[in-house]
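The residues making up each chain are set out below.
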2 protein chains.
Amino acid sequence: VDYQHVQVPFEITLWIMLASLAKIGFHLYNKLPSVVPESCLLIFVGLIMGGIIYGLNDKSPPVMDSDIFFLYLLPPIVLDAGYFMPSRPFFENIGTILLYAVVGTIWNVFGIGFSLYGICQVKSFHLQDVSLLHNLLFGSLIAAVDPVAVLAVFEEIHVNEKLHILVFGESLLNDAVTVVLYKLFRSFCEMPAVKTMDVLAGVGKFFVVGIGGILVGLAFGMIAAFTTRFTKTIRVIEPLFVFLYSYLCYLTAEMFHLSGIVAIIACAMGMKRYVEANISLKSHTTIKYFMKMWSSVSDTLIFIFLGVSTIGENHEWNWPYIFFTVIFCLIWRALGVLVLTFFVNRFHVNTVTGKDQFIIAYGGLRGAICFSLVFLLPDFHRKKLFIAATTVVILFTVFVQGMTIRPLVDLLDVKKKRESAPTVGEQIHIRFLDHLLAGIEDISGHWGQYYWKDKLEYFNSKYLQKILLRECDQPKSSIVLLYEKLERKHAMELAEAGQLGHAPSQPSLLHSAFLCSNSHRSVVTDGKSDDILNPDVLENIQEILARNLFRIRRTVPAYNRHTLPGETEPAEQAKEILILRHRSL
Amino acid sequence: VDYQHVQVPFEITLWIMLASLAKIGFHLYNKLPSVVPESCLLIFVGLIMGGIIYGLNDKSPPVMDSDIFFLYLLPPIVLDAGYFMPSRPFFENIGTILLYAVVGTIWNVFGIGFSLYGICQVKSFHLQDVSLLHNLLFGSLIAAVDPVAVLAVFEEIHVNEKLHILVFGESLLNDAVTVVLYKLFRSFCEMPAVKTMDVLAGVGKFFVVGIGGILVGLAFGMIAAFTTRFTKTIRVIEPLFVFLYSYLCYLTAEMFHLSGIVAIIACAMGMKRYVEANISLKSHTTIKYFMKMWSSVSDTLIFIFLGVSTIGENHEWNWPYIFFTVIFCLIWRALGVLVLTFFVNRFHVNTVTGKDQFIIAYGGLRGAICFSLVFLLPDFHRKKLFIAATTVVILFTVFVQGMTIRPLVDLLDVKKKRESAPTVGEQIHIRFLDHLLAGIEDISGHWGQYYWKDKLEYFNSKYLQKILLRECDQPKSSIVLLYEKLERKHAMELAEAGQLGHAPSQPSLLHSAFLCSNSHRSVVTDGKSDDILNPDVLENIQEILARNLFRIRRTVPAYNRHTLPGETEPAEQAKEILILRHRSL
């Protein structure tokens, strides 16, 4: 046996297999996932696995490598999040999201940092050696809400779109703030003295990291869209480009110490509409499906590894510090949401209700990002305390908050996501109102969101589309695209229903129709049958035809070697429909 | 800039990107790929890349790592080949394929090895130090036809199915022979003396490697099929299992020194029908598409790396040895095919024609497997000579044979693949004849292929299907599956044609139909219009209706919030079709 040779791919494949099988296992019992979120179950599996490894080897099980997390596990999840981001609610609430993500995160970092420093001054806790900077550093890594954990929980509770995008958008965009503050405090910890210049540079750096990330993302997104212009002859590698360019964009951003998460989201949101117009339908299915699959596996692996990494001897259990960390995380987040929402509600027509505020505060789950950041800390004597505190905060938020949030949502009767898609009427009205508001904003000289949206749309159709889309594919309006999608779906349903052999349910209607079609042979007076055929025989024929004819007629052109399908068929089809339509009018 | 941190994934992504962009580039000019096979173009790109790297660094560019090739690049291609293997022609010609793969490869190995040893005895060539064992070792790696190269060329020339499966099947199954002979001679080279026992053990090992590979593959295939029984609630990770189990099977086989290629092919062919029945349609599209994409990228990378690795100072140019290697490769292959086909044609009803024999011999392309094996050789003083000879043989076969085989196929007028799929009539007849022949074989007591096929089918439906398929999904016959597929395809075409707004091409027919539908209001005598409506207005209405009505009628149920689509629709649809059908009769 030559295990050495295949070890690396073999073990990776086995871990992924374990994750997938665990996922299947949970879903075999229908009741389990509806009570306990999948993330909790996965961490639990991880804890058991870690326990087994610990028991067998008598040493700490391997910890999730931060590099593996940031380079391989996180990007698929963020790409999936960005690609399927509902852009309308996101941009409508972009101000609120940014406020929560930037000001809220800074508020939390400093709030948690300073209050923990206060706790460290209590002599009986034996924590006097933890400096203010270290507490702030810890605050910067524990303050950030985790997109992976938020997504895992919020996807299952189906709150309304606005609430979802507020929590989820914040968890994604706070990455820029977290990156800057974390790196800033880490470098401050290693400096002999901190000067005012360094603090100012840190503030400037925030803008570089955030806006730089957006620019890198948009650049890669546009290149990706441009590339798919030329893939018409080799459809098979189209999906690849979406993945390759997004990943390159993430890596490039990380390389320049920009926010990779922000970059990949900008890239995915930027390229989506152009790529979708350029690529084939099957490529698109593959992209969607594979993205979901990949992010689902990454997600599963992250939670299992979180569980595995919890077991072991990496922890220093100073209970007061850990206890107050959990408390402060809850308090400062609640306070932050209250204060910020107060300002949001003052300046925004579309207010955030009290219930929403509670869910936003309560939904601030921590996850694998905190965990990876705490392991990336430089070695110092209290690192194990920070690891223990982070682990407890993550487990507390995922288990306690994650499991109680669904009952709370039900209890508070928080507005849920509407089940059905908006009707065409609604969509047309929304579109109409957008134009109207853009016009009003233009006349009144107010540069609001509708004004900018209108300008962007103009720029898009005037320049971007001409460069990024193939000439033959004229850009279609979203209504037409929606229509096409529904038409396809309907056709599929029809085909499936047709082959199930649905016999007509109203024989009488069929009967008269059958006779009507014979009207040039037999004289029809008022739609009743005459005696040309015995009614019994007729009904028999009808049944046989109804069961078989529809199919044969449809499939003949596809089978036939001597005729090309498609050309004459639809016209005939349209005619048939037309006739029937008139009959029923 | 922190390049170190992201280097590994960044460079991998860039290589894949380069490969994909090269592929797009070739296809921009339509004429190029039709003359020069893609593999040649890719090697050419690789040569240029290698030249640039060599010129810039002034040292040999990195050589394709054999581990990377065997562990990461080869499996996707073989999985793709196995999954899409046309099983009927494969099993019909399995005897011939095995004869070529086993006896033919052994013949080539010893033929090339011994005759090169003869060349080494010529004093003026300065090759006396190359021993017989080394020559045989070299023969064992250079004799094997390469599936990647064969696939790349034969996919473009569209020869008939039987010829394709003979060459391609041989290139896949000879892996077991190559693995055994290569490892045998390599260990002999390191032994002080070779005993008869070792030779006998080698012969026994061949059966272990081949049959062991098949068993490992089938075992994993069945587990994979069994796993997909339970994925109904989480469709999104279904495609993953196909990839994970196939890869695990490959790695397991490699771990036990069995033939990984044979294992993965057995796995893919074994699981295909069960997996397809269990998983959803979209999962299946994703699997198919992703497999094609992945193998296409692997393939591209392999040829580019082949080109890159050619440049550099790894070679010892002893021209006589290289020249005779090429000559002997051609001669022994041609002789082998002639002799083996003579026996095949004696015992087989379905003979291999002379033209086919020529193409089989000429299509024996060498590729990346030889290349990786030669780099895996233990270091000895003539390794660079072997590398040079292998490189030249690969380049000669891929460039000269690969580029001339298409004109030769045209010139010889070799039977091409039929363009159209078999009609339903043909399929039913084939099925019928299978049953008939199985019966005849059973009566006459001859245990031929039909007998075994029938027994296998019985075993499958009696036991395997019950274990591996979900209960609710009753196994459907392949005719029904084909029908469903055609129905879906047709429905999609219909939907697409419908939304393109095809106006009816025969207005007169439409006209009369329109009037007929009004027959209960107006009196129609012979299909001509009366004066109820102005003809101009009528035509106008017709046009509007023809453009819009078909769509609206179809999409209304999908849009409407208050009704459920699907239930009553198809019946109505069937009725409409029925009426029209009768009109046209």
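Residues numbered from 1 in each chain as written. Chains lettered and ligands numbered in written order. Predicted model: local features only at pLDDT ≥ 70, side-chain atom pairs only at ≥ 80, totals over all residues. Heavy atoms only, no water.

### Quick look at the overall build of chain A
Next up, step 1: A count of helices and strands for chain A gives 23 helices and zero strands.
Next up, step 2: A burial count over chain A gives 52% of its 585 residues as buried.
Next up, step 3: Contacts spanning at least 24 positions in sequence make up 80% of the contacts within chain A whose residues lie at least 6 apart.
Next up, step 4: For chain A, the exposed area adds up to about 27,100 Å²; of that, 66% sits on carbon and sulfur atoms. (Helix = DSSP H or I, 4+ residues; strand = E, 2+ residues; numbered from the N terminus. Buried < 20%, exposed > 50% of the residue type's maximum accessible area, 1.4 Å probe, protein only. Contact = heavy atoms within 4.5 Å. Areas by Shrake-Rupley, 256 points an atom, 1.4 Å probe, with all protein chains shown as cover.)

### A closer look at the side chain of Thr178(B)
Residue and element names in this part refer to chain B.
Next up, step 1: With respect to the helices and strands, the residue threonine 178 is situated in helix H9 (residues 161-190).
Next up, step 2: By relative accessible area, threonine 178 is classed as buried at 5%.
Next up, step 3: When residues no more than four places from it in sequence are discounted, the contact partners of threonine 178 are Thr105, Ser140, Ala144 and Leu373.

### A few points about a nonpolar patch on the surface
Residues and elements named next belong to chain A.
Next up, step 1: Judged by side-chain polarity, Trp107, Leu330, Ile331, Leu335, Leu338, Val339, Phe342, Phe343 and Phe347 come together as a nonpolar surface patch covering roughly 850 Å² of accessible area.
Next up, step 2: Residue contributions to the nonpolar patch peak at eight residues, all from helix H14 (residues 319-347).
Next up, step 3: Along the chain, phenylalanine 342 turns up in helix H14.
Next up, step 4: What makes phenylalanine 342 partly exposed here is its relative accessible area of 48%. (Patch = residues over 30% accessible without salt bridge, like charges linked within 9 Å, V, L, I, M, F, W, Y side chains within 5 Å. Salt bridge = Lys/Arg side-chain N within 4 Å of Asp/Glu carboxyl O.)

### Details of the packing of aromatic side chains
The way to describe two aromatic rings as a pair is by their centre distance and the angle between their planes.
Residues and elements named next belong to chain A.
Next up, step 1: Summed over all chains, the structure comprises 57 aromatic pairs over all chains.
Next up, step 2: Between the aromatic rings of phenylalanine 110 and phenylalanine 185, the centroid separation amounts to 6.0 Å while the plane-to-plane angle is 75°, which identifies the pairing as edge-to-face. One end of the pair, phenylalanine 110, is in helix H6 (residues 94-120); the other, phenylalanine 185, is in helix H9 (residues 161-190), with 75 residues separating them in the sequence.
Next up, step 3: Assessed through its relative accessible area of 31%, phenylalanine 110 is described here as partly exposed. (Phe/Tyr/Trp six-rings, centres within 6.5 Å; stacked < 30°, edge-to-face > 60°.)

### A word on the domain arrangement of chain A
All names here are of chain A.
Next up, step 1: Domain boundaries assigned for chain A yield domain 1 (3-412) and domain 2 (425-469).
Next up, step 2: Each of domain 1 and domain 2 was reduced to a C-alpha centroid, and the two centroids are 33 Å apart.
Next up, step 3: Listed as interface residues are eleven residues of domain 1 and, on the opposing side, twelve residues of domain 2.
Next up, step 4: Interface of domain 1 and domain 2: buried area, both sides summed, is about 950 Å²; carbon and sulfur atoms make up 48% of it.
Next up, step 5: Joining domain 1 to domain 2, the criterion identifies two salt bridges. (Domains from an automatic or database assignment. Buried area = accessible area lost by both parts, 1.4 Å probe.)

### Points about the pattern of salt bridges
Next up, step 1: In total, this model carries 28 salt bridges over all chains according to the counting rule given.
Next up, step 2: We note a salt bridge from Arg273(A) to Glu457(A), for which the minimum N-O separation is 3.2 Å. With Arg273(A) in helix H12 (residues 260-278) and Glu457(A) in helix H19 (residues 449-468), this pair connects stretches of sequence that are 184 residues apart.
Next up, step 3: The exposure class assigned to Glu457(A) is partly exposed, which follows from its relative accessible area of 37%.
Next up, step 4: We note a salt bridge from Lys292(B) to Asp80(B), for which the minimum N-O separation is 3.3 Å. With Lys292(B) in helix H13 (residues 281-310) and Asp80(B) in helix H4 (residues 66-83), this pair connects stretches of sequence that are 212 residues apart.
Next up, step 5: One salt-bridge network, in which partners are shared between bridges, spans Arg88(A), Glu92(A), Asp434(A) and Lys453(A).

### Observations regarding a positive patch on the surface
Next up, step 1: A cluster of basic residues, Lys282(A), Lys288(B), Lys485(B) and Lys489(B), forms a positive patch on the protein surface.
Next up, step 2: Take Lys489(B): it is sitting in helix H20 (residues 478-499).
Next up, step 3: Taking the relative accessible area as the measure of exposure, Lys489(B) reaches 51% and is therefore exposed. (Lys, Arg positive; Asp, Glu negative; His and termini not counted. Charge placed at Lys NZ, Arg CZ, Asp CG, Glu CD.)

### A look at helix H15 (residues 354-362) of chain A
Next up, step 1: Of the positions making up H15(A), those classed as buried are Asp356(A), Gln357(A), Ile359(A), Ile360(A), Ala361(A) and Tyr362(A).
Next up, step 2: Those residues of H15(A) that are buried lie in contact with H6, helix H8 (147-157), H9, H14 and helix H17 (383-412) of chain A.

### Observations regarding unusual backbone geometry
Residues and elements named next belong to chain A.
Next up, step 1: One non-glycine residue, histidine 257, adopts positive backbone phi at about 60°.
Next up, step 2: Structurally, histidine 257 is set in the loop between helix H11 (238-255) and H12.
Next up, step 3: Assessed through its relative accessible area of 33%, histidine 257 is described here as partly exposed.
Next up, step 4: In the Ramachandran plot, aspartate 413 falls in the positive-phi region, its phi being about 55° despite a non-glycine side chain.
Next up, step 5: Structurally, aspartate 413 can be placed in the loop between H17 and helix H18 (424-444).
Next up, step 6: For aspartate 413, a relative accessible area of 57% puts it in the exposed group.

### Some thoughts on H8(A)
Side chains that are three or four residues apart share a direction in an α-helix, a result of its 3.6 residues per turn.
All names here are of chain A.
Next up, step 1: The element H8 is largely enclosed, with a buried count of nine among its eleven residues.
Next up, step 2: Those residues of H8 that fall on the buried side of the exposure criterion are Pro147, Val148, Ala149, Val150, Leu151, Ala152, Val153, Phe154 and Ile157.
Next up, step 3: Two to three positions downstream of the cap, the backbone nitrogen of valine 148 sits 3.1 Å from a side-chain oxygen, assigning the N-cap of H8 to aspartate 146.
Next up, step 4: Of the residues trailing H8, histidine 158 is marked for its positive phi of about 55°. (Polar contact = N/O pair within 3.5 Å; in protein donor to acceptor, adjacent residues only side chain to side chain.)

### Side note on the packing of H12(A) against H19(A)
Residue and element names in this part refer to chain A.
Next up, step 1: It is at 12 Å that the axes of H12 and H19 come closest, and there the two elements cross at 45°. Considering the angle they form, H12 stands oblique to H19. Two packed elements cross with a definite hand, and for H12 against H19 that hand is right-handed. For the pair formed by H12 and H19, the contact residues are Arg273, Tyr274 and Asn278 on the first element and Glu457, Asn460, Leu464, Gln465 and Leu468 on the second.
Next up, step 2: Tallied by class, the residues present in the contact of H12 with H19 amount to three nonpolar, three polar and two charged. (Axes fitted to C-alpha atoms, helices over the stretch in contact; angles between N-to-C directions. Parallel < 35°, antiparallel > 145°, perpendicular 65-115°, else oblique. Left-handed = near helix turned anticlockwise from the far one by under 90°. Nonpolar A, V, L, I, M, F, W, Y, C, P; charged D, E, K, R; others polar.)

### A closer look at the environment of Asp146(B)
Residue and element names in this part refer to chain B.
Next up, step 1: Mapped onto the elements, aspartate 146 comes out in the loop between helix H7 (132-142) and helix H8 (147-157).
Next up, step 2: Counting along the chain gives 106 residues from aspartate 146 to threonine 252, while the straight-line C-alpha distance between them is 22 Å.
Next up, step 3: When near neighbours in sequence (up to four residues on either side) are disregarded, aspartate 146 contacts Ser171, Leu365, Arg366, Gly367, Ala368 and Ile369.
Next up, step 4: There is a polar contact of 3.1 Å between the side chain of aspartate 146 and the backbone nitrogen of valine 148.
Next up, step 5: A distance of 2.9 Å separates the side chain of aspartate 146 from the backbone nitrogen of alanine 149, its partner in a polar contact.

### Comments concerning the state of the cysteines
All names here are of chain A.
Next up, step 1: Inspection of every chain in the model, using the stated rule, returns zero disulfides over all chains.
Next up, step 2: Free cysteine: cysteine 40, not disulfide-bonded; nearest cysteine sulfur from cysteine 370 at 16 Å.
Next up, step 3: A residue is classified by how much of its surface remains accessible, and cysteine 40, at 1% relative accessible area, is buried.
Next up, step 4: Sulfur of cysteine 370: no disulfide; nearest cysteine sulfur belongs to cysteine 329 and is 8.1 Å away.
Next up, step 5: Relative accessible area serves as the criterion here: at 1%, cysteine 370 is assigned to the buried category. (Disulfide = S-S within 2.5 Å.)

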